[in-house]
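Secondary and tertiary structure notes
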Amino acid sequence: MDLGCERCYGEDAATVMEYCVKNLQTTQRIVSDSHFGVSVRKCPECGQQFVAIFTEFVDWQGGDDAQYFDVVPVTPIEAKYIVDAKDLLRDLGTLGNCRRRVSSDWPTGGTERISWKRGEFYVREGD
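A short tour of the structure in this document, coming up. Because the structure is predicted, anything quoted here is derived from the model rather than measured. (Residues numbered from 1 in each chain as written. Predicted model: local features only at pLDDT ≥ 70, side-chain atom pairs only at ≥ 80, totals over all residues. Heavy atoms only, no water.)

**Brief notes about the packing of aromatic side chains**
Tallied over the full model, the rule gives two aromatic pairs. Pairing Y9 with W116 gives two aromatic rings, centres 5.3 Å apart and planes at 75 degrees, and the pair type is edge-to-face. Note that Y9 is positioned in helix α1 (residues 6-9) and W116 in strand β6 (residues 113-117), a separation of 107 residues in sequence. The aromatic ring of W116 is capped on one face by R100, whose charged end is 3.7 Å from the ring centroid. (Phe/Tyr/Trp six-rings, centres within 6.5 Å; stacked < 30°, edge-to-face > 60°. Helix = DSSP H or I, 4+ residues; strand = E, 2+ residues; numbered from the N terminus. Lys NZ or Arg CZ within 6 Å of the ring centre and 35° of its normal.)

Next up, the structure:
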(Lines give C-alpha, C1' and ligand atoms only; values in the text may rest on other atoms or scores of the structure.)
Protein backbone atom coordinates (compact mmCIF):
# COMPACT_ATOMS: atom_id res chain seq x y z
CA MET A 1 0.00 0.00 0.00
CA ASP A 2 1.48 3.35 -1.05
CA LEU A 3 0.96 6.03 1.57
CA GLY A 4 1.70 9.72 1.43
CA CYS A 5 4.49 11.63 -0.20
CA GLU A 6 8.03 12.51 0.84
CA ARG A 7 6.76 15.52 2.81
CA CYS A 8 4.03 13.83 4.87
CA TYR A 9 5.46 10.28 5.06
CA GLY A 10 9.18 10.55 4.28
CA GLU A 11 11.98 8.79 6.13
CA ASP A 12 12.99 11.37 8.76
CA ALA A 13 10.40 11.34 11.58
CA ALA A 14 11.23 14.83 12.93
CA THR A 15 10.96 16.42 9.47
CA VAL A 16 7.68 14.62 8.79
CA MET A 17 6.22 15.64 12.17
CA GLU A 18 7.15 19.29 11.60
CA TYR A 19 5.55 19.21 8.14
CA CYS A 20 2.41 17.51 9.44
CA VAL A 21 1.94 19.95 12.32
CA LYS A 22 2.40 22.99 10.09
CA ASN A 23 0.78 21.88 6.85
CA LEU A 24 -1.83 19.16 7.15
CA GLN A 25 -5.31 20.57 6.60
CA THR A 26 -7.97 19.65 9.15
CA THR A 27 -10.99 18.28 7.30
CA GLN A 28 -12.96 16.99 10.30
CA ARG A 29 -12.69 17.61 14.05
CA ILE A 30 -13.91 14.58 15.93
CA VAL A 31 -12.91 15.59 19.46
CA SER A 32 -11.85 19.13 20.33
CA ASP A 33 -10.89 19.45 23.98
CA SER A 34 -8.00 21.34 25.53
CA HIS A 35 -6.37 18.08 26.70
CA PHE A 36 -7.56 15.63 24.06
CA GLY A 37 -8.07 16.16 20.35
CA VAL A 38 -8.81 13.89 17.41
CA SER A 39 -9.05 15.12 13.85
CA VAL A 40 -8.94 13.88 10.29
CA ARG A 41 -6.35 15.79 8.27
CA LYS A 42 -5.17 15.81 4.68
CA CYS A 43 -1.81 16.49 3.05
CA PRO A 44 -2.13 19.45 0.65
CA GLU A 45 0.60 17.97 -1.57
CA CYS A 46 -0.67 14.43 -2.18
CA GLY A 47 -4.11 14.20 -0.54
CA GLN A 48 -3.13 11.44 1.93
CA GLN A 49 -5.52 11.39 4.89
CA PHE A 50 -4.38 11.07 8.49
CA VAL A 51 -5.97 10.80 11.90
CA ALA A 52 -4.17 13.08 14.34
CA ILE A 53 -4.47 12.31 18.06
CA PHE A 54 -3.29 14.75 20.74
CA THR A 55 -3.31 13.90 24.44
CA GLU A 56 -2.11 15.98 27.39
CA PHE A 57 -2.01 14.82 31.01
CA VAL A 58 -2.12 17.78 33.39
CA ASP A 59 -0.47 17.19 36.76
CA TRP A 60 -1.26 20.70 38.08
CA GLN A 61 2.36 21.14 39.23
CA GLY A 62 4.80 23.34 37.36
CA GLY A 63 3.07 23.34 33.98
CA ASP A 64 5.44 20.79 32.41
CA ASP A 65 2.62 18.43 31.45
CA ALA A 66 3.06 15.22 29.47
CA GLN A 67 1.95 15.55 25.84
CA TYR A 68 1.59 12.89 23.17
CA PHE A 69 0.79 13.36 19.50
CA ASP A 70 0.33 10.62 16.90
CA VAL A 71 -0.27 11.17 13.18
CA VAL A 72 -1.57 7.98 11.60
CA PRO A 73 -2.04 7.57 7.84
CA VAL A 74 -5.47 6.16 6.99
CA THR A 75 -7.43 5.04 3.99
CA PRO A 76 -10.66 6.89 3.11
CA ILE A 77 -12.64 3.93 4.50
CA GLU A 78 -10.74 4.07 7.81
CA ALA A 79 -11.22 7.85 8.05
CA LYS A 80 -14.99 7.46 7.61
CA TYR A 81 -15.05 4.61 10.12
CA ILE A 82 -13.35 6.77 12.76
CA VAL A 83 -15.69 9.71 12.11
CA ASP A 84 -18.66 7.36 12.64
CA ALA A 85 -17.11 5.25 15.46
CA LYS A 86 -19.28 4.41 18.46
CA ASP A 87 -16.33 3.49 20.71
CA LEU A 88 -13.77 6.00 19.49
CA LEU A 89 -11.08 5.37 22.11
CA ARG A 90 -10.99 1.63 21.47
CA ASP A 91 -11.00 2.04 17.71
CA LEU A 92 -8.28 4.69 17.47
CA GLY A 93 -5.52 2.46 18.82
CA THR A 94 -6.08 -0.15 16.13
CA LEU A 95 -5.43 2.32 13.32
CA GLY A 96 -2.24 1.71 11.49
CA ASN A 97 -1.34 -1.49 13.32
CA CYS A 98 0.12 -2.71 10.04
CA ARG A 99 1.83 0.56 9.06
CA ARG A 100 4.04 3.15 10.67
CA ARG A 101 2.87 6.39 12.28
CA VAL A 102 4.87 9.42 13.32
CA SER A 103 4.72 9.96 17.06
CA SER A 104 5.79 12.64 19.51
CA ASP A 105 6.26 11.61 23.15
CA TRP A 106 6.96 14.44 25.58
CA PRO A 107 6.77 13.07 29.13
CA THR A 108 6.55 15.31 32.19
CA GLY A 109 10.04 16.52 33.05
CA GLY A 110 11.51 14.92 29.94
CA THR A 111 12.45 15.95 26.44
CA GLU A 112 10.39 15.46 23.32
CA ARG A 113 11.11 12.31 21.33
CA ILE A 114 9.84 12.08 17.77
CA SER A 115 9.97 8.70 16.07
CA TRP A 116 8.28 6.27 13.75
CA LYS A 117 6.21 3.64 15.57
CA ARG A 118 4.29 0.58 14.46
CA GLY A 119 1.56 -1.57 15.87
CA GLU A 120 -1.52 -1.14 17.97
CA PHE A 121 -1.33 1.60 20.61
CA TYR A 122 -3.26 2.66 23.68
CA VAL A 123 -5.36 5.83 23.41
CA ARG A 124 -6.84 7.50 26.46
CA GLU A 125 -8.42 10.90 26.97
CA GLY A 126 -6.14 13.45 28.56
CA ASP A 127 -7.01 15.21 31.75
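**Some details on the nonpolar core**
Of all hydrophobic cores here, the largest spans 15 residues; its most connected members are C8, C20, L24, C43, F50, V71 and V102. Breaking this core down by element, the ones donating at least two residues are α1, α2 (13-23), β3 (49-57) and β4 (66-74). Broken down by element, this core gets its largest block of residues, five residues, from α2. For V102, the contacting residues outside a window of four places in its chain are A13, V16, M17, F69, D70, V71, I114, S115 and W116. (Core = buried A, V, L, I, M, F, W, Y, C linked by side-chain atoms within 4.5 Å. Buried < 20%, exposed > 50% of the residue type's maximum accessible area, 1.4 Å probe, protein only. Contact = heavy atoms within 4.5 Å.)

**Some remarks on the side chain of S103**
Topologically, S103 is positioned in strand β5 (residues 101-106). Looking at S103, the relative accessible area reads 1%, which means it is buried. Side-chain polar atoms of S103 contact the side chain of D70, separated by 2.8 Å. Once you skip the residues sitting within four places of it in the chain, S103 turns out to touch M17, F69, D70, R113, I114, S115 and K117. (Polar contact = N/O pair within 3.5 Å; in protein donor to acceptor, adjacent residues only side chain to side chain.)

**Let's talk about the sheet that holds strand β1 (residues 25-32)**
Backbone-to-backbone hydrogen bonds join strands into a sheet, with any given pair of strands oriented parallel or antiparallel. As summarised here, the arrangement of the six strands in space is β1-β2-β3-β4-β5-β6, forming an open sheet in which the pairing is antiparallel. Looking along the sheet, the strands with just one partner apiece sit at the ends: β1 and β6. Looking at each pair of strands side by side, their axes are set apart by 20 degrees on average, direction ignored. Examined bridge by bridge, β3 and β4 share nine bridges and lie antiparallel to one another. Bridge pairing links A52 to V71 in β4. Most of the contacts of α2 go to β6, to which it runs at about 100 degrees, and overall it touches β1, β2 (36-42), β4, β5 and β6. (Pairing = 2+ DSSP bridges. Axes fitted to C-alpha atoms, helices over the stretch in contact; angles between N-to-C directions.)

**Considerations on the pairing of β6**
As defined by bridge partners, β5 adjoins β6 across five bridges and the pair is classed as antiparallel. Bridge pairing in β6 links R101 to K117. Hairpin connection of β5 to β6: six residues between the antiparallel strands, including G109 at a positive phi of 75 degrees.

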